[in-house]
Amino acid sequence: MKVVVAGQGYVGLPLAVRAAEVGHRVVGYDVDLERTARLSAGRSYVADVASSRLHTVLDSGAYSATADAGALVGYDIAVITVPTPLRDGVPDLSYIESCAQTLGEHLRPGATVVLESTTYPGTTEEVLVPILEKASGLKGGVDFLAGFSPERIAPGNTRWSFEGTPKLVSGMDAKSLDVIKGFYDGIFQTTVPVSGPKVAEMAKLIENVFRFVNISMINELATLAAPLGVDIWEAIDAAATKPFGFTRFTPGPGIGGHCLPVDPLFLSWKIRQELGVPFRFVELADDVNRRMPDYVVQRLSEALGKRGKSVSGARILLLGLTYKFNAIDLRNSPSARIAELLIDLGADVRGADPNIPDGDEIKLNVSRVDANAEEIMAADAVVLLMDHPQFDLPVIEKRAAYVFDCRNRLSGPNVESL
Ligand code: SAJ
């Protein structure tokens, strides 16, 4: 079939390339000209899609990348994989809406549109379909088909492959489900049909709320275990020996990324909008999560105080600025807030992270340095935020005057753990 994948990011590109590899003619549509130029040159910027795979589908003509909406004409199926960020705490559906408008203008009878972007229950039927109908003059469920199928990409996850991860599928009606299931059956080893888009939209949110709430809970417990004199890290490892009914999460400086601190708030916002009541677990988790950077700074201030120093004027080296271990993404990373708090207290803050793509350092609010022995020795305090594999942990342990370790990877008289 002629397939359009709208949005060629860490979700859309793997789907587009896989669809091309299984025999579809795929147009990778993105409004970012720099991205489409890179893709057309066969240069992947998504870790899970090797440039060699991109070259193969480009050379065979199975895949092409474009920012030109005119290339969308005549698609049989279009998949929307655009961002759904929060803007001032409110869900921002503008990317979905503008994409739906563009796809609607090129929608013809018999075609199918699938939404993959994570969003609150009701978006597919109450936002997407009406826009498609208005832009095309066609009727959803009669002239065209639509549904929702959440993405379950786990960047860098080597345990579960893209096609090996079960895929939820839904349709606005039976025919839509049938066609959408058929499409994904050609790409994923397992598809899981559900009764409608709202179930699929909610299921995805349950997946991420589960993580968000549990990680926040373990973070709050970490702040309470320390004064109780309990080693939270050892206690978690002990709890994790339970072979059933437990999922291990570890404390950190805060929950970052564009999924976990965002998606659950889509749900709590919708619940307040529709029902006028709070989804208390998510609102509490968000509150706890927002306080973690303050907690890190408080522990740092106390440690410097014990060493006769104050944060003001202290030279502080942050190690690991991206949002999680081995990730390259800076979005919602706790490091930015921690740096901001320290700078406000008069500290001289530097940051080291080998994973940040060149050019992205302009987004940093700290000067970027290498995590070398000189920088480590020159700092009054080192903070290990993300234990990226490139960091030389023994050097940090040996050379740092003081380390606040948010990942419990180090030990020594100069080391304290979160
Ligand atoms: N984090 C902790 N402690 C933990 C686990 C995570 O502090 O025990 C922090 C991370 O450092 C990060 C944040 O939480 O800042 C989110 O971590 P994550 O492991 O959930 O990673 P994400 O945000 O990349 O989540 C993605 C999600 N994928 C999608 O939403 C499509 C999630 O559903 C996956 O379960 C997760 O990857 C995964 O398992 O890798």
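Each remark here, short or long, concerns the structure printed above.
An account of the accompanying structure is given in this report. (Residues numbered from 1 in each chain as written. Predicted model: local features only at pLDDT ≥ 70, side-chain atom pairs only at ≥ 80, totals over all residues. Heavy atoms only, no water.)

1. Remarks on the pairing of strand 4 (residues 77-80)
No. 1: Taking every second residue as pointing to the same face, both faces of strand 4 are buried, with I77 and V79 on one and A78 and I80 on the other.
No. 2: Sheet analysis places strand 4 next to strand 7 (residues 112-115), joined by 4 bridges and oriented parallel. What sits directly across from V79, in strand 7, is V114. (Buried < 20%, exposed > 50% of the residue type's maximum accessible area, 1.4 Å probe, protein only. Helix = DSSP H or I, 4+ residues; strand = E, 2+ residues; numbered from the N terminus. Pairing = 2+ DSSP bridges.)

2. Side note on the site of the ligand
No. 1: Taken together, 19 residues lie near the ligand, and E151, R211, T250, G256 and Y323 sit nearest.
No. 2: A distance of 2.9 Å separates a nitrogen atom of the ligand from a polar atom in the backbone of I153.
No. 3: In this structure, Y323 approaches the ligand through a main-chain N or O atom, which is 2.5 Å from an oxygen atom.
No. 4: Here the ligand, which alone exposes 740 Å², has 86% of that area covered by the protein. (Near = heavy atom within 4 Å. Polar contact = N/O pair within 3.5 Å; in protein donor to acceptor, adjacent residues only side chain to side chain. Areas by Shrake-Rupley, 256 points an atom, 1.4 Å probe, with all protein chains shown as cover.)

3. What to know about the environment of V382
No. 1: Its place among the elements puts V382 in strand 14 (residues 381-384).
No. 2: For V382, a relative accessible area of 0% corresponds to the buried category.
No. 3: C-alpha separation for the pair V382 and R350, spaced 32 residues apart in sequence, amounts to 9.7 Å.
No. 4: For V382, the residues in contact, after removing those within four places along its chain, are L317, L319, I376, I396, A400, Y402, V403 and F404. (Contact = heavy atoms within 4.5 Å.)

4. Some remarks on the pattern of salt bridges
Side chains that carry opposite charge are capable of pairing whenever their charged atoms lie near each other.
No. 1: In this structure the tally under the stated criterion is 29 salt bridges.
No. 2: Several salt bridges share partner residues, and in doing so they unite R18, E21, R53 and E163 into one network. (Salt bridge = Lys/Arg side-chain N within 4 Å of Asp/Glu carboxyl O.)

5. Re the sheet that holds strand 14
No. 1: Ordered in space as 13-12-11-14-15-16, the 6 strands form an open sheet in which the pairing is parallel. Either end of the sheet is taken by a strand with one partner, and the two such strands are strand 13 (367-368) and strand 16 (415-417).
No. 2: Pairing between strand 11 (residues 315-319) and strand 12 (residues 348-352): 5 bridges, direction parallel. Bridging across to strand 12, R315 finds its partner in D348.

6. Notes on the environment of L86
No. 1: Summarising the element assignment, L86 is placed in strand 5 (residues 86-87).
No. 2: Overall, the relative accessible area of 22% leaves L86 in the partly exposed class.
No. 3: Dropping the residues within four chain positions of it, L86 is found in contact with P91, D92, P261, V262, L265 and F266.

7. Describing the side chain of R299
No. 1: In this fold, R299 is placed in helix 10 (residues 280-306).
No. 2: A polar atom in the side chain of R299 sits 2.8 Å from the side chain of Y295.
No. 3: When near neighbours in sequence (up to four residues on either side) are disregarded, R299 contacts A226, Y402, F404, E416, S417 and L418.

8. Points about the packing of helix 5 (residues 123-136) against helix 7 (residues 197-228)
No. 1: Two elements in contact, helix 5 and helix 7, have axes whose closest approach is 8 Å; the angle formed by their N-to-C orientations is 115 degrees. In terms of orientation, helix 5 and helix 7 fall into the roughly perpendicular class. Counted together, T123, T124, E125 and E126 of helix 5 and P197, K198 and E201 of helix 7 form the full contact between these two elements.
No. 2: Broken down by class, the residue content of the contact of helix 5 with helix 7 amounts to 1 nonpolar, 2 polar and 4 charged. (Axes fitted to C-alpha atoms, helices over the stretch in contact; angles between N-to-C directions. Parallel < 35°, antiparallel > 145°, perpendicular 65-115°, else oblique. Nonpolar A, V, L, I, M, F, W, Y, C, P; charged D, E, K, R; others polar.)

9. Let's talk about the packing of aromatic side chains
No. 1: Counting across every chain of the model gives 6 aromatic pairs.
No. 2: Ring plane angle 50 degrees and centroid distance 6.0 Å describe the contact between Y184 and F188, whose orientation is recorded as tilted.
No. 3: Ring plane angle 65 degrees and centroid distance 5.7 Å describe the contact between F210 and F249, whose orientation is recorded as edge-to-face. On the criterion of sequence distance, the pair formed by F210 in helix 7 and F249 in the loop between helix 8 (232-239) and helix 9 (263-275) is long-range, its members being 39 residues apart.
No. 4: For F249, a relative accessible area of 8% gives the class buried.
No. 5: Among the aromatic residues, ring-to-ring pairing joins F162, F183, Y184 and F188 into one connected group. (Phe/Tyr/Trp six-rings, centres within 6.5 Å; stacked < 30°, edge-to-face > 60°.)

Function cannot be read off these values alone, since they describe shape.
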